[in-house]
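Here are the chains, one letter per residue:
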Amino acid sequence: MGPPKQLKRTFLGFDLSTQKLKAVLLGSSLEVVAAAEVKFDTDLPEFRTTGGANAGIIKNEYFVQPVMWVKAMDIVLDRLVMQQADLSTVAAISGSGQQHGSLYWSKHGINTLQNLDSEKFLHAQIDDSAFVVNRTPIWMDATTTKQCLEMEMAVGGTLNMVELTGSKCYERFTGPQIRKIYQQRCHAYEEANRISLVSSFISSLFLGSVAPIDFSDGSGMNLLDIRKKNWSKECLNVCAPDLDKRLDIPVSPNSILGNVSPYFVERFSFSPDCKVAASTGDNPSALSGMLVGSSWLTISLGTSDTLMMSLKEPLNWEEGHILCHPTETEEFMGLLCFRNASLVREEMNKKTTGGNWDKFNEYLDSTPRGNFGNMAVHFNDMEIIPEGAGILRWIKEWIQFPGRG
Ligand SMILES: Nc1ncnc2c1ncn2[C@@H]1O[C@H](COP(=O)(O)OP(=O)(O)O)[C@@H](O)[C@H]1O
Ligand SMILES: O=C(CO)[C@@H](O)[C@H](O)COP(=O)(O)O
């Protein structure tokens, strides 16, 4: 006999990453009680994504229709219920989101979020009209070179931007993306009452109101003063007008934002006392989830590959990012991100084995590490670090070692 129902406490986490939405229900000893996922390409083919994103007509343009994420939330919750997951035991909900992507709420969208009808699906209510930008940029987008130059110049150069925000201006970062929308779709920007990151969007759905952005994921915007853990007025001013109102005050990633909205109580039997915690970026989440000491380096192999480390003090890196640490909130984290990652591996796997990872791993295991000196770098898309694209191959005979002729 297990503990009485009122003592059973579970914790529900979401990961809204590039290719899928995953949900995991954990017990109080962190055991997995239930898990479900929704793959955008195959479960929601009507959105026509490839690797979870839509490519635009402009080179390096990538976007997503936010309603796809809303629909994915409907489906993933239903999949948990179909596994008999008892959502009335959930004590708290939180999430991790692909970094840098942004959502632009219309006034109508905010109103709908606050008055959801539990008889209807989320996506039947939070539809296209909830957002003023229906092709919303995600981290893969790199079309904001002009805005990056403008923002850096306006704060006195690249080094000043690094010193303030922890990163030079990167095309995928939210600040340059917001500036592009302000410049190219001024009307939409004016109509955007609030702007969410993908992470704060997850909390918003459960809270029933637009959740604040946490300062760890907020560090991936080129807008946050990472030392003060607040928006940099200088950066906001050079990005777009009246941006502070649209972003609200950033909060600690540890914050409890409120109770779950009545929609989830009525539709999925969540307890009205269930708490909604701030969500954060997927990389800050990955670093904190690894529970490693400060001298460890964490590597995450996913749609993007990332390298993460804890830092006591922020450093002024020419490349890469310093973010506010998600759990040691007085500290910082270093992040390097590489975009030619799982999608490149996937393509190679399809070519060589027809998409069978076991076979692919067998092939890898059948050659020694270093592959006899035959190596290749596949930058199918313009890489972030180093900035470059193309395929480079090294064949053993071509590599000249000093002293070996
Ligand atoms: N056995 C495997 N070996 C290498 N890559 C894999 C394997 N299984 C899945 N993948 C790849 O991992 C990627 C998904 O990783 P995931 O961590 O869920 O992504 P994300 O970073 O978007 O959260 C997919 O591109 C998939 O093809
Ligand atoms: O741009 C970055 C980090 O700066 C990416 O790592 C995104 O956060 C996407 O995450 P995945 O979907 O690859 O996990």
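If you're wondering where the values come from, they're calculated on a predicted model, not measured in any experiment.

### Focus: the site of ligand 2
- In the region of ligand 2, 17 residues are neighbours, and Ser-17, Thr-18, Gln-99, Thr-303 and Ser-304 sit closest.
- Where the shell around ligand 2 is concerned, the elements lending two or more residues are helix H12 (282-290) and strand E18 (332-338).
- Looking at side-chain class alone, the shell around ligand 2 contains three nonpolar, 12 polar and two charged residues.

### With respect to the packing of helix H4 (residues 145-154) against helix H6 (residues 174-184)
- Running from N to C, H4 and H6 point in directions that differ by 110°, and their axes come no closer than 9 Å. Here H6 runs roughly perpendicular to H4, going by the angle between their axes. Across the interface between the two elements, Gln-147, Cys-148 and Met-151 of H4 pack against Gly-175, Pro-176, Arg-179 and Lys-180 of H6.
- Residue composition of the contact of H4 with H6, by class: three nonpolar, two polar and two charged.

### Quick look at the sheet that holds strand E15 (residues 297-301)
- Within the open sheet, the four strands sit side by side as E15-E16-E18-E17. Their pairing is antiparallel. Among the strands making up the open sheet, the edge pair consists of E15 and strand E17 (321-324). In this sheet, adjacent strand axes meet at a mean angle of 25° when their direction is disregarded.
- Summarising the sheet, strand E16 (residues 305-311) and E18 pair through seven bridges and their orientation is antiparallel. Residue Asp-305 lies in a different strand from E18, and its bridge partner there is Phe-338.
- Contacts from H12 reach E15, E16, E17 and E18 within the one sheet, and its direction differs from that of E15 by about 125°.

### Things to note about the domain arrangement of the chain
- Under the domain assignment used here, the chain contains domain 1 (5-283) and domain 2 (342-398).
- The C-alpha-based centres of domain 1 and domain 2 are spaced at 32 Å.

### Focus: the confidence of the model for the chain
- Put simply, the chain has an average pLDDT of 95, and 96% of its residues get 70 or more.
- Interface confidence in the predicted complex, given as ipTM, is 0.96; pTM for the same model is 0.95.

### A closer look at the nonpolar core
- With 97 residues, the main nonpolar core has Ala-72 and Met-73 as its most contacted residues.
- Take this core: its biggest share by element is nine residues, from helix H2 (residues 66-82).
- With residues up to four places along the chain from it excluded, the contact list for Ala-72 reads Leu-21, Val-38, Phe-40 and Leu-44.

### What about the UniProt feature "domain: Carbohydrate kinase FGGY N-terminal" (unreviewed entry) in the chain?
- UniProt marks residues 133-288 with the feature "domain: Carbohydrate kinase FGGY N-terminal" (unreviewed entry), using the numbering shown here.
- Across residues 133-288, the secondary structure splits into 46% helix and 12% strand, with the terminal C-alpha atoms separated by 32 Å.

### Let's talk about the site of ligand 1
- Ligand 1 sits among Ser-17, Thr-18, Gln-19, Gly-302, Thr-303, Ser-342, Arg-345, Glu-346 and Trp-357.
- When residues of the shell around ligand 1 are assigned to their parent elements, the largest contribution, three residues, is made by helix H13 (residues 342-353).
- Of the residues in the shell around ligand 1, the class split is one nonpolar, six polar and two charged.
- If you count residues domain by domain, the shell around ligand 1 takes at least three from each of domain 1 (5-283) and domain 2 (342-398).

### Considerations on the packing of H13 against helix H14 (residues 357-365)
- It is at 10 Å that the axes of H13 and H14 come closest, and there the two elements cross at 90°. Of the possible angle classes, the one that applies to H13 and H14 is roughly perpendicular. Side by side, H13 and H14 meet where Asn-349, Thr-352 and Thr-353 of the first sit next to Trp-357, Lys-359, Phe-360 and Tyr-363 of the second.
- Here the contact of H13 with H14 is composed, by residue class, of three nonpolar, three polar and one charged.

### Some points on the sheet that holds strand E4 (residues 54-55)
- One open sheet accounts for three strands, arranged E4-E5-E8; its pairing is antiparallel. Unpaired on one side and paired on the other, E4 and strand E8 (136-137) mark the two borders of the sheet.
- Bridge count between E4 and strand E5 (residues 62-64): two bridges; the pairing is antiparallel. In the sheet register, Ala-55 faces E5, and the bridge partner there is Tyr-62.

### Side note on unusual backbone geometry
- Look at the link from Ile-385 to Pro-386: it is a cis peptide, with omega at -10°.
- By secondary structure assignment, the location of Pro-386 is in the loop between strand E19 (375-379) and strand E20 (390-394).
- The phi angle at Asn-60 is positive, at roughly 70°, despite the residue not being glycine.
- For Asn-60, a count of 16 C-beta atoms within 10 Å gives the class partly exposed.
- Although it is not a glycine, Leu-291 sits at a positive phi angle of roughly 50°.
- Its location among the elements puts Leu-291 in the loop between H12 and E15.
- Leu-291 sits in the exposed class, given 8 other C-beta atoms within 10 Å.

Rules used in this analysis
- Residues numbered from 1 in each chain as written.
- Chains lettered and ligands numbered in written order.
- Predicted model: local features only at pLDDT ≥ 70, side-chain atom pairs only at ≥ 80, totals over all residues.
- Near = placed C-beta within 6 Å.
- Helix = DSSP H or I, 4+ residues; strand = E, 2+ residues; numbered from the N terminus.
- Nonpolar A, V, L, I, M, F, W, Y, C, P; charged D, E, K, R; others polar.
- Axes fitted to C-alpha atoms, helices over the stretch in contact; angles between N-to-C directions.
- Parallel < 35°, antiparallel > 145°, perpendicular 65-115°, else oblique.
- Contact = placed C-beta atoms within 7 Å.
- Pairing = 2+ DSSP bridges.
- Domains from an automatic or database assignment.
- pLDDT = per-residue confidence, 0-100.
- Core = buried A, V, L, I, M, F, W, Y, C linked by C-beta atoms within 7 Å.
- Buried ≥ 20, exposed ≤ 12 C-beta atoms within 10 Å, placed from the backbone.
- UniProt positions renumbered as here; feature names shortened; annotations may be inferred.

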